[in-house]
Amino acid sequence: MKNFKVVGKTIFVNILVPVEIGQIKLDAVYQVSLYQSKKEGEILYDIDDIDYQNITYMGMEVDGYNGYSKLKEFHKELGIDLNDIINKEASSKFSPEDLEKWVNKTYKNTFSEVEER
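Report on the accompanying structure. Worth saying up front: this structure is predicted, and the values here are computed from it rather than measured.

1. A look at helix α1 (residues 64-77)
An α-helix turns once every 3.6 residues. As a result, residues three or four positions apart point the same way.
Now for step 1: Between its first and last C-alpha, α1 extends 20 Å over 14 residues, near the 20 Å set by a 1.5 Å rise per residue.
Now for step 2: The complete set of buried residues in α1 reads Gly-67, Tyr-68, Leu-71 and His-75. Looking straight down α1, one finds that the buried residues subtend no more than 95 degrees of arc, so they occupy a single side. Facing away from the buried side of α1 by over 90 degrees, the exposed positions are Tyr-65, Asn-66, Lys-70, Lys-76 and Glu-77.
Now for step 3: Its buried side turned inward, α1 meets β2 (24-36), β3 (43-57) and α2 (82-91).
Now for step 4: Just downstream of α1 lies Gly-79, where phi reads positive at about 85 degrees.

Quick look at the structure:
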């Protein structure tokens, strides 16, 4: 253990955001990467949309990636960007300010300095 030094931590948290747009219902999955700023010591984060789960369309389950791809392509042919609409709706359910408050409340002690041994 003397050949390396831990210089930082990163925590990944997945958040499920329920979305309902007309006849489409799903859970949008976002991955939040939490890390501590070396200069200020504050907790920073990045958010990436990574998946959609539990998708139903007109009450019918949309099965897996292929099913969602077909649904997305169907809407694209109609001039509708399904991913864009889903992301806008999911983003309206939580604000960066709310996320920042939650991160600082929940993880403020998680990033304590790692002791060298």
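Having seen it, we continue.
2. With respect to unusual backbone geometry
Now for step 1: Unlike most non-glycine residues, Asn-54 shows phi in positive territory, near 55 degrees.
Now for step 2: Mapped onto the elements of the fold, Asn-54 is located in strand β3.

Rules used in this analysis
Residues numbered from 1 in each chain as written. Predicted model: local features only at pLDDT ≥ 70, side-chain atom pairs only at ≥ 80, totals over all residues. Heavy atoms only, no water. Helix = DSSP H or I, 4+ residues; strand = E, 2+ residues; numbered from the N terminus. Expected span 1.5 Å × (residues − 1). Buried < 20%, exposed > 50% of the residue type's maximum accessible area, 1.4 Å probe, protein only. Arc of directions from axis to C-beta. Contact = heavy atoms within 4.5 Å.

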